[in-house]
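Residue strings, one per chain:
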Amino acid sequence: MIKLINLSLILSLFFSLITSNLVAQQNMANVYGRRAQSLNGKWDAIVDLYDQGRKNQIYLNKKAESKTDFYEYAFENGLRLNVPSDWNSQMPELKYYEGTIWYGRKFDVVKENNKRLFLYFAAVSYRCRIYLNGQEIAQHEGGFTPFQIEITDAAKENDNFLAVEVNNSRQVDAIPAMAFDWWNYGGITRDVFLVSTPKVFIDDYFVQLDKTKADKINAKVKLSETMANSSVTIEIPELQLKQTLKTDAQGEVKTSFLSRKIKRWSPTSPKLYNVKISTRDDQIEEEIGFRNIWVKGEDIFLNGEAIFLKSISFHEEIPQRRGRAFSQADAVMLLSEAKALGCNMIRLAHYPQNEYIVRMAEKMGFLLWEEIPIWQGINFENESTKEKAGKMMREMVARDKNRCALAFWGVANETQPSEPRNAFIRHLIATCRAIDTTRLITAAFDLVRFNKEKETFVMDDPFTKELDVVAVNKYLGWYHSWPVSPDKAVWDVAKGQPLIISEFGGEALYGKTGEKDVVSSWSEDYQATLYKNNLEMFKHIPNLRGTSPWVLFDFRSPFRFHPTNQDGWNRKGLISDQGYRKKAWFLMKHYYDNK
Ligand code: GCU
């Protein structure tokens, strides 16, 4: 018996070793600025509701050759799905689908002996296994961050068969977990590229203004190989800055530039500079902005000036299409509505959104709050969940660290106080700080309550002291009735720190009017009353430094059950799912225009 146990132990260790190097790599910096072949388009697909595909090795894509060969599957001539796109919005039968769908396609490559090839996925929701030419080459978990796999050796000149096994089933140890207030879209939801690089390439770089100095730019570059004495040139032509340095033993260079001519980025003046980085064989460039952001007392300073954050939240969803946003055009649609509202910031709820949105927001002049979906009931006691969250945080921070618009990293949304939660969040903060020490760390809490004796709104979660900025989701007039009239509200929350109202609001069905004091009316007039009352209360919060109404657009959620008022939609949008502005939109616009 003992022998058997040892054998099974050895085997499981062996297989875990094999699968461990199947973890997809963190991707190289700025994929969108590289030589890449798009693999977007229609892919073949097989809906695998009972998870039979992997054990039947359908990723081999076998074809009958002899008279007795027999395969009960084929990728060709069947279902085809758009990539990028969620699958839910592509056909009625997949609206609620939670399970496995296989995607398959062929591609050719030009094999050059001094080049390397990588498969890049901007996101796959929620977990996936990647198979190339019949071999499993990678796995990834997390529906909102990119990953890559090197295929230099595995790829052939012609007829490479790529199979992607995608699964979006909710699980207790996942992030997000079993229930969350947005649609559980599944699929290859963002771009897929084939990226070609030189043998030794510029793998990563981080160029940003010093945390507190207006004239000092810090830069570090990492090559794909740990080779010393290799020349790297960093140049910002518009500022006449250029340095050529030699890499250290880790293949890295670190340096600073001084210039009194830096025009700092801000929402009102979103100045970006062309930054070029080059080596003997590789060169890459992108638009990078330079700004300072820090907290002092109860104020948030951008470039040395105290600011008020006129924010809004939106999901990565195009309501008219009932699907995930994924393109440049989608980004313009969402961001232009935020601009029209008079915002200078966006809380990208509740997960890292696609790079088109992040890069376009920076160009249009929005500060950004980004977060991974630590949304309510996460399995904080589970060590592997904590590791997963750390990896998602690392992938998000690594992807967007050169985006000066990114000002806040959100590390939790509506979590309840506990030591496991604190340890989990501390791990996220440390993971973030290991890459980026300059941005502000925040988290949204829903723990503000009204203390009747003191007649004051208070919040007792000591963890707030570990954050740079405290944020509060508070639904007065919706989930909570008013314990005091808005003009008499007294807040004693996060004294000595900047406070943001990161969510407030209520639902309204566009076009429904009247009953302005009836919560269950779902009328625009009630929603407007709610906004008027909250905006009145905000005048009485001494350390309030920003507001972010929940939410810009009505969005889809499987637990919004009311058949006429909701019908599977969360109607807290200031704009309806068809793009019509509700009465509350105009109140918010007036508030921001006069802030
Ligand atoms: C919570 C949560 C949101 C949710 C909102 C609501 O605050 O953070 O994701 O959609 O409340 O109930 O509408």
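What you see is a predicted model, and the numbers here were worked out from it, not measured in a lab. (Residues numbered from 1 in each chain as written. Predicted model: local features only at pLDDT ≥ 70, side-chain atom pairs only at ≥ 80, totals over all residues. Heavy atoms only, no water.)

Enquirer: Would you mind going over the pairing of strand β3 (residues 80-83) with me for this structure?
Expert: The side chains of a regular strand alternate between both faces of the sheet. The alternating pattern of β3 places Leu-81 and Val-83 on a buried face, while none of Arg-80 and Asn-82, on the opposite face, is buried. Examined bridge by bridge, strand β2 (residues 41-48) and β3 share four bridges and lie antiparallel to one another. Paired with Asp-44 across the strands is Arg-80, a residue of β3. (Buried < 20%, exposed > 50% of the residue type's maximum accessible area, 1.4 Å probe, protein only. Helix = DSSP H or I, 4+ residues; strand = E, 2+ residues; numbered from the N terminus. Pairing = 2+ DSSP bridges.)

Enquirer: Please clarify how the side chain of Arg-116 should be interpreted in this entry.
Expert: With respect to the helices and strands, the residue Arg-116 is situated in strand β5 (residues 115-121). Only 2.8 Å separates the side chain of Arg-116 from the side chain of Glu-150, close enough to count as a polar contact. What Arg-116 contacts, discounting residues up to four positions off in sequence, is Glu-150, Thr-152, Val-195, Ser-196, Thr-197, Pro-198, Lys-199, Phe-201, Ser-224 and Glu-225. (Polar contact = N/O pair within 3.5 Å; in protein donor to acceptor, adjacent residues only side chain to side chain. Contact = heavy atoms within 4.5 Å.)

Enquirer: Is there a simple way to think about the site of the ligand in this case?
Expert: Around the ligand, 14 residues are found, and the nearest of them are Asp-181, Glu-414, Tyr-479, Glu-503 and Lys-572. At 2.4 Å from an oxygen atom of the ligand is found a side-chain nitrogen or oxygen belonging to Glu-414. When the free accessible area of the ligand is taken as 320 Å², the share hidden by the protein chains comes to 96%. Residues that form the shell around the ligand fall into these classes: five nonpolar, four polar and five charged. (Near = heavy atom within 4 Å. Areas by Shrake-Rupley, 256 points an atom, 1.4 Å probe, with all protein chains shown as cover. Nonpolar A, V, L, I, M, F, W, Y, C, P; charged D, E, K, R; others polar.)

Enquirer: Teacher, can you tell me more about the sheet that holds strand β27 (residues 440-445) here?
Expert: In sheet architecture, strand pairing relies on hydrogen bonds along the backbone and comes in two forms, parallel and antiparallel. Spatial strand order, β21-β24-β25-β26-β27-β30-β32-β33: eight strands in a closed barrel with parallel pairing. Recorded for the sheet is a direction-independent mean angle of 30° between the axes of neighbouring strands. Both strand β24 (residues 345-348) and strand β25 (residues 367-371) contribute to a ladder of four bridges, which runs parallel. In the strand pairing of β25, Met-345 is matched with Leu-367. Where helix α4 (residues 383-400) meets the sheet, its contacts fall on β25 and β26 (406-413), and the angle it forms with β26 comes to roughly 170°. Packed onto the sheet, helix α7 (residues 583-593) meets β21 (309-314) and β33 (544-547) and runs at close to 140° relative to β33. (Axes fitted to C-alpha atoms, helices over the stretch in contact; angles between N-to-C directions.)

Enquirer: What should I look at first to understand empty space enclosed by the protein in this one?
Expert: Regions of empty space are outlined by a rolling probe, equal in size to a water molecule, passed over the atoms. A complete count under the given rule lists six cavities of 30 Å³ or more for this structure. Reported here for the largest cavity is a volume of approximately 110 Å³. Around the largest cavity, the lining comprises 16 residues; the ones closest to its centre are Ser-125, Tyr-126, Pro-176, Phe-180 and Asn-184. In terms of residue class, the lining of the largest cavity is built from nine nonpolar, four polar and three charged. (1 Å grid on protein atoms, 1.4 Å probe; cavity = no way out; pocket = protein on both sides within 12 Å on 5 of 7 lines; lining within 4 Å. Points joined across faces, edges and corners; volume = space filled by probe spheres on them.)

Enquirer: Honestly, the layout of surface pockets in this entry has me stumped. Any pointers?
Expert: Taken as a whole, the largest pocket spans an internal volume of roughly 580 Å³. Lining the largest pocket are 33 residues, with Gln-26, Asp-203, Asp-204, Lys-222 and Lys-401 positioned closest to its centre. For the lining of the largest pocket, the secondary-structure elements that each account for two or more residues are β5, β8 (147-150), β11 (202-209), β12 (216-223), β15 (252-258), α3 (355-364), α4 and α5 (419-435). The leading source of residues in the lining of the largest pocket is β11, at four residues. In terms of residue class, the lining of the largest pocket is made up of 12 nonpolar, seven polar and 14 charged. Of the voids in this model, the second largest pocket is the one considered here, and its volume is about 390 Å³.

Enquirer: Can you help me understand the environment of Arg-280 in this one?
Expert: Following the sequence through the fold, Arg-280 ends up in the loop between β16 (273-278) and β17 (283-288). In this structure Arg-280 comes out as exposed when scored by relative accessible area, which is 77%. Taking the C-alpha atoms as reference, Arg-280 lies 12 Å from Lys-246; in sequence the two are 34 residues apart. A distance of 2.8 Å separates polar atoms of two side chains, one belonging to Arg-280 and the other to Asp-281.

Enquirer: Is there a simple way to think about α7 in this case?
Expert: Think of an α-helix as 3.6 residues a turn; residues three or four steps apart then line up on the same face. Where α7 is concerned, the buried positions are Ala-584, Trp-585, Met-588, Tyr-591 and Tyr-592. Down the axis, α7 shows its buried residues gathered within 125° of arc, on one side only. At its buried positions, α7 is contacted by β21, α2 (328-340), α6 (524-538) and β33. (Arc of directions from axis to C-beta.)

Enquirer: Before we go on, may I ask you to explain the sheet that holds strand β18 (residues 293-296) in this structure?
Expert: The strand order across the open sheet formed by three strands is β18-β19-β20, and the pairing between neighbours is antiparallel. The sheet is open, and its two edges are formed by β18 and β20 (305-306), each paired on a single side. Relative to strand β19 (residues 299-302), β18 is paired through four bridges, and the arrangement is antiparallel. Bridge assignment links Val-295 to a residue of β19, and that residue is Ile-300.

Enquirer: What's the story with the UniProt feature "domain: Glycoside hydrolase family 2 catalytic" (unreviewed entry) in the protein chain in this structure? I'm lost.
Expert: The sites that carry the UniProt feature "domain: Glycoside hydrolase family 2 catalytic" (unreviewed entry) are, in the present numbering, residues 295-592. Within residues 295-592, the helical portion is 28% and the strand portion 22%, while the C-alpha atoms at the span's ends are 22 Å from each other. (UniProt positions renumbered as here; feature names shortened; annotations may be inferred.)

Enquirer: Would you take a moment to explain the pattern of salt bridges for this structure?
Expert: Between side chains of opposite charge, a pair can form when the charged atoms approach closely. Within the structure shown, the criterion is met by 49 salt bridges. Across the salt bridge formed by Lys-582 and Asp-554, the nearest N and O atoms sit 2.7 Å from each other. In this pair, Lys-582 sits in the loop between β35 (569-570) and α7 while Asp-554 sits in the loop between β33 and β34 (555-556), placing the two residues 28 residues apart along the sequence. (Salt bridge = Lys/Arg side-chain N within 4 Å of Asp/Glu carboxyl O.)

Enquirer: Just checking my understanding: could you explain the packing of α2 against α3 for this structure?
Expert: Helix-helix packing is characterised by the crossing angle of the two axes and by the distance between the axes. Contact geometry of α2 with α3 gives a least axis separation of 9 Å together with a crossing angle of 45°. By the angle class used here, α2 and α3 are oblique. When the axes of α2 and α3 are compared, the crossing they make is right-handed. Of α3, the residues touching α2 (which contributes Gln-328, Ala-331, Val-332, Leu-334, Leu-335, Ser-336 and Lys-339) are Tyr-356, Ile-357, Met-360, Ala-361 and Met-364. (Parallel < 35°, antiparallel > 145°, perpendicular 65-115°, else oblique. Left-handed = near helix turned anticlockwise from the far one by under 90°.)

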